[in-house]
Amino acid sequence: MDELSAVIVPLQFGEAMYENLRRLKALNKQYTPVRINEELALPISSESPSFHSIGIPYRIERVMFEHSPPSINPHRQLKEVIQEFIPQGMEHAFEFIPTKWERLDDLILFPKEAFTQPIWGEIIQDKNNFFEQIANVLQGRRVGRQQPIANDTIRSSQMELLLGDSSWVEVKDNGLFYGFDACKVMYSSGNVTERHRMGSLNVEGEIIIDAFAGIGYYSLPLLVHGKATHVHACELNPESIKALNWAAEKNDVSQSITIHEGDNQSTLPNLRGIADRVLLGLLPSSEAAWKPAISTLKEQGGSLHIHMNVEEEHIEQWTKDTIQTCLNYAKSDDRDWRCTHQHLEKVKWYAPRVRHVVLDVSFSSSNSAS
Ligand SMILES: C[S@@+](CC[C@H](N)C(=O)[O-])C[C@H]1O[C@@H](n2cnc3c(N)ncnc32)[C@H](O)[C@@H]1O
């Protein structure tokens, strides 16, 4: 308990006075207001000469206050810190305070619409100070805002850095290290279940092709946890390749990964007949790579993990059609195979009624024992 100066008001004016003192930055938020009979005592940080302009009857006295319990709700903490910047008359900005964000390393990543409404232009006078306070309260050091996913194959330009000097981030997941430049490479936090599923497959001794390797979300767990013998990683974005090289080194698997730079339409044909398993992790559709991917499987067959965005009600039909298409591709490549559907993983909702699914299909020679 500490003795402090307090503004004392009749209870019915407590809330209004609290709001006004907060706005005038006169409220001492480290202490909790206290009720004394039919009055409320509000701790103040400075003996401001007068609060008469507020128009609420009050007097100033010394009162004993208890320290406020630390707020552990980050949403509330964020609100509190942003409230300090919102001047009187602009209270409707409260409804635009972001309620969602991600953390990548020490970078707080807000969704693409965060702080873009016109009102923030008037509120954010000192950008550095504003985002520094936000980073502090959310225990980060950098702040970013997602950008709409660029409509290009490499899905470039993903984030705008609002606070900080570097956009290189390093994250650890499932015992593995990933690193990437968040302004240049897409990060998908939504595929975590699939990453972990890939890490739980028993692929010991297998040669695997990751046809859309990105920064290695699937290649790395397959190598480190699944103990695959070798991964051939196809990737065309030089920034992702940089990140993939970094991660291969950091996770100590550089010797077991070969990166094939460029469009997989030209790199997959060089890998004919060598793979036990091929990953086709491109959304909304990986279909353009199915045919060349099937040709990379070994003579005796193997597996594909086909990613696709599919409308919920069409999943069953899509599964049947995909198996038939794969069989046709195999036939056109003179492979006398059977094709079976092993599993369908529903990874996440991509849009209302549209799911990101992964279909595991397996090919085996028609001559092999069933
Ligand atoms: C969904 S992202 C990354 C997926 C990856 N499995 C991951 O989670 O890190 C797809 C990746 O495929 C790459 N890509 C797209 N089209 C490609 C192509 N034709 N050949 C090679 N890579 C391609 C993109 O640059 C991107 O890094």
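Coordinates for the structure precede this section.
Residues numbered from 1 in each chain as written. Predicted model: local features only at pLDDT ≥ 70, side-chain atom pairs only at ≥ 80, totals over all residues.

Observations regarding the sheet that holds strand 4 (residues 59–65)
We apply this condition: What makes two strands pair is DSSP finding at least two bridges between them. Helix numbers and strand numbers start at the N terminus; a helix is a DSSP run of H or I with at least 4 residues, a strand a run of E with at least 2. Simply put, an axis is a line fit to the C-alpha atoms, just over the touching stretch for a helix, and the angle between two N-to-C directions goes from 0 to 180 degrees.
Ordered in space as 2-3-1-4, the 4 strands form an open sheet in which the pairing is antiparallel. In this open sheet, the two strands that pair with only one neighbour each are strand 2 (34–36) and strand 4. Between one strand axis and the next, the sheet turns through 45 degrees on average, direction left out of account. Alignment of strand 1 (residues 2–10) against strand 4, held across 7 bridges, turns out to be antiparallel. The residue of strand 4 that forms the bridge with isoleucine 8 is arginine 59.

Examining the packing of helix 2 (residues 74–83) against helix 4 (residues 127–137)
Short version of the rule: Reported orientations rely on four angle classes, namely roughly parallel under 35 degrees, roughly antiparallel over 145, roughly perpendicular from 65 to 115, and oblique for the rest. With the far helix as reference, a near helix turned anticlockwise by less than a right angle produces a left-handed crossing, and one turned clockwise produces a right-handed crossing. The contact criterion used is a C-beta to C-beta distance within 7 Å, with each C-beta placed from the backbone. Each residue is assigned to one of three groups, with Ala, Val, Leu, Ile, Met, Phe, Trp, Tyr, Cys and Pro labelled nonpolar, Asp, Glu, Lys and Arg labelled charged, and all others, Gly among them, labelled polar.
At a minimum axis distance of 9 Å, the contact between helix 2 and helix 4 shows a crossing angle of 155 degrees. Compared by their axis directions, helix 2 and helix 4 come out roughly antiparallel. Viewed along their axes, helix 2 and helix 4 form a crossing whose handedness is right-handed. The residues of helix 4 that touch helix 2, namely those facing Gln77, Leu78 and Val81, are Gln133, Ile134 and Val137. Grouping the amino acids of the contact of helix 2 with helix 4 by side-chain chemistry returns 4 nonpolar, 2 polar and no charged.

Remarks on the sheet that holds strand 14 (residues 277–280)
One open sheet holds the 7 strands; their spatial order is 13-12-11-14-15-17-16, and the pairing between them is mixed. Each having just a single partner strand, strand 13 (257–261) and strand 16 (337–351) make up the two edges of the open sheet. Between one strand axis and the next, the sheet turns through 15 degrees on average, direction left out of account. Alignment of strand 16 against strand 17 (residues 354–365), held across 12 bridges, turns out to be antiparallel. Along strand 17, the bridge assignment pairs glutamate 345 with valine 358. Across the sheet, helix 10 (residues 315–332) is in contact with strand 15 (301–311), strand 16 and strand 17; its angle to strand 16 comes to roughly 135 degrees.

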